[in-house]
Amino acid sequence: VVTWGYPGEGGDSSAVQDQLKSVRQVQATQYAFAAILEDGSVVTWGQSDSGADSSAVQDQLKSVRQVQATGSAFAAILEDGSVVTWGNPDRGADSSAVQDQLKSVRQ
């Protein structure tokens, strides 16, 4: 993956460049990127409060089928149909109120 632009808004991926191998898909919020790797894991970079900081959910980001994005949050659909969200909680990252309904999600 080659990145460019303003470093603090995703233009600099050097901190994760060694992890960006066998990338299947890349999605973006306004200031962050998420790459799904062939093994189903996810690598993120850019502005932390726009979704670049996935550390709180990183252990759940396995067998990821698809990632969707809002301006400041990501939602990952896993192979089992569950959904994992991260990013700015005021912009869609906090799915706790509906988590029990996020089952068997296809797209």
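Right above here is the structure, for reference.
(A) View of the sheet that holds strand β6 (residues 83-87). Spatially, β4-β5-β6 is the arrangement adopted by the 3 strands of the open sheet, whose pairing is antiparallel. Whereas interior strands pair on both sides, the edge strands pair on one side only; in this sheet they are β4 (64-69) and β6. Looking at each pair of strands side by side, their axes are set apart by 20 degrees on average, direction ignored. Relative to strand β5 (residues 73-78), β4 is paired through 5 bridges, and the arrangement is antiparallel. Bridge assignment links Q68 to a residue of β5, and that residue is A75.

(B) How the structure looks around the environment of D18. Looking at the element boundaries, D18 is found in the segment before β1 (23-28). Look at D18 and you get exposed, because its relative accessible area is 58%. Sequence spacing of D18 and V1 is 17 residues, and the spatial spacing of their C-alpha atoms is 10.0 Å.

Conventions and cut-offs
Residues numbered from 1 in each chain as written. Predicted model: local features only at pLDDT ≥ 70, side-chain atom pairs only at ≥ 80, totals over all residues. Heavy atoms only, no water. Pairing = 2+ DSSP bridges. Helix = DSSP H or I, 4+ residues; strand = E, 2+ residues; numbered from the N terminus. Axes fitted to C-alpha atoms, helices over the stretch in contact; angles between N-to-C directions. Buried < 20%, exposed > 50% of the residue type's maximum accessible area, 1.4 Å probe, protein only.

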